[in-house]
Amino acid sequence: MTENTGELKEETESTTVVVIGAGPAGLTVANLLRRSGIDCVVLERRSREYVAQRQRAGIVETRAVRMFDSWGLADRVLGGIPYDGILEIRVDGESHLVSDNDGSEGPRARLCPQQVLVQKLTAAYLADGGDLRFEAADVSLHDLTGESPTVRYRTAGGTLRTIACAFVAGCDGDHGVSRTAVPDGALTAYALDHGIGWLTVLADAPPPAHPLLAVSPHGFAAHFPRGPQTSRYYLQCPPGDHPDAWPDTRIWDALRTRLADPALTAGPITDRETFRLRSLVHDPMQYGRLYLVGDAAHIVSPMGGKGMNLALYDADVFARAVRDSVRDHNDSALRSYSQRCLRRVWNDQEFSHWLTRTLHDAGDDTDSGPFHRSLARARLDRLLTSPTAARAFAELMTGLDLAE
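Residues numbered from 1 in each chain as written. Predicted model: local features only at pLDDT ≥ 70, side-chain atom pairs only at ≥ 80, totals over all residues. Heavy atoms only, no water.

Trainee: Sorry, what's going on with helix H1 (residues 24–35) here?
Mentor: Along an α-helix, residues three or four apart share an orientation, since each turn contains 3.6 residues. Its 12 residues give H1 an end-to-end C-alpha distance of 16 Å, which sits within 8% of 16 Å, the value for a rise of 1.5 Å per residue. By the criterion of burial, H1 is predominantly enclosed, with 10 of the 12 residues buried. Taken together, the buried positions of H1 are occupied by Pro24, Ala25, Gly26, Leu27, Thr28, Val29, Ala30, Asn31, Leu32 and Leu33. Where H1 ends, the next residue or the one after it, glycine 37, has phi of about 75°, a positive value. (Helix = DSSP H or I, 4+ residues; strand = E, 2+ residues; numbered from the N terminus. Expected span 1.5 Å × (residues − 1). Buried < 20%, exposed > 50% of the residue type's maximum accessible area, 1.4 Å probe, protein only.)

Rendered as structure tokens:
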């Protein structure tokens, strides 16, 4: 239906679910809903080209791979190469290999950069007839506690549109409109600033044989594959540092020193930025008929690679809950959505925090002090020498540690 409102036209329509955001969380929700025969509309404020090239996480953990496999989507949406499950932890130049093999059977984790996953999720959703609208401006959410919420937005051509729906999936990240639509006081925010800065560098340089985490007195460093000839590097830095403080020469010198690899091959740096390591959890993860998914509900420090994987978990729980509601008129999973997701969120927050403190405190003790450095070294020694500790670490890395 189209209404004339002076010079502007406003169009109204309806669907079952409006998904806000076309990142990994939103596109996974949309694909799973399509597989369930549930109609939805995805709104994304950025262009398709921007979304397809946005680079973030690189490993889809074992639990998430098996989730996609259970929906019949693994072969369609998981690009990249199989991950052999070996992580290298280099302590003062000494190499230690840690496996994520927890003894379970089934598909394993994959090295799949976020942009590859997003591109394949987009293609799969559109191939199945999905409705995906880029460059949706001025998105606003209304009547979230009523029987029929509405989402309003403006198209790239200037047309105003209103979509009535049964549910809204807020998948638009920490700074999106979904969470800001929730009234003050309805959610409790639990936040932690780790007091640690990272410089992240993307370069056209050979990737490591295994994802590499390095501890040294000069500070933490990491080296991850992002493609056949592309690497992502991380360097611990003061939280307030600006990327301009890190010219190419300084970056490569620091990496060679901290990775204990004087022959590390350099390459053209295509991107660099600094950020603070922080963690954030909003409780509950729902308000009325709005359900927060992924970064809109929680931020986890990057150590352990849990951010994107938590978003994929939320998406799976939400899609199954909506399917139960629409197909079987059973809302119990929707009512328990927040509680169920937050159990895993806090589990992964604890693991990420443990790994963050261990690998940073064990190196440069300028901030942590010698006592905490010795504690961190003891934790590392236990991980690298105890089969029981290694097994617990593997369970946490794979994401298969919680009973479903």
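Trainee: Is there a simple way to explain unusual backbone geometry in this structure?
Mentor: Working note: non-glycine residues mostly have negative phi, and peptide bonds are mostly trans. Here the bond from aspartate 283 into proline 284 is cis, since omega is 0°, no more than 30 degrees from zero. At aspartate 138, a position not held by glycine, the phi torsion is positive, near 55°. Position of aspartate 138 among the secondary structure elements: in strand S11 (residues 137–142). On the accessibility criterion, aspartate 138 (54% relative accessible area) is exposed. Phi is positive for alanine 260, which is not a glycine, with a value near 55°. Its location among the elements puts alanine 260 in the loop between helix H7 (248–258) and strand S19 (269–283).

Trainee: Just checking my understanding: could you explain the packing of aromatic side chains for this structure?
Mentor: To describe a pair of aromatic rings, one takes the distance between the centres and the angle between the planes. All told, the structure shown has 13 aromatic pairs when counted by the stated rule. Between the aromatic rings of tyrosine 291 and phenylalanine 318, the centroid separation amounts to 5.4 Å while the plane-to-plane angle is 45°, which identifies the pairing as tilted. Of this pair, tyrosine 291 sits in strand S21 (residues 290–292) while phenylalanine 318 sits in helix H8 (residues 307–328); the two residues are 27 residues apart in sequence, bridging distant segments of the chain. With a relative accessible area of 5%, tyrosine 291 lands in the buried category. Measuring from centroid to centroid gives 6.4 Å for tryptophan 354 and phenylalanine 393, while their planes differ by 55°, and the two rings are tilted. You can see tryptophan 354 sitting in helix H10 (residues 337–361) and its partner phenylalanine 393 sitting in helix H12 (residues 387–398), a full 39 residues away along the chain. On the basis of relative accessibility, which here comes to 4%, the residue phenylalanine 393 falls in the buried class. Put simply, the rings of Trp198, Phe220, Phe224, Tyr234 and Phe275 pair up and form one aromatic cluster. (Phe/Tyr/Trp six-rings, centres within 6.5 Å; stacked < 30°, edge-to-face > 60°.)

These figures come from the coordinates and say nothing about function on their own.
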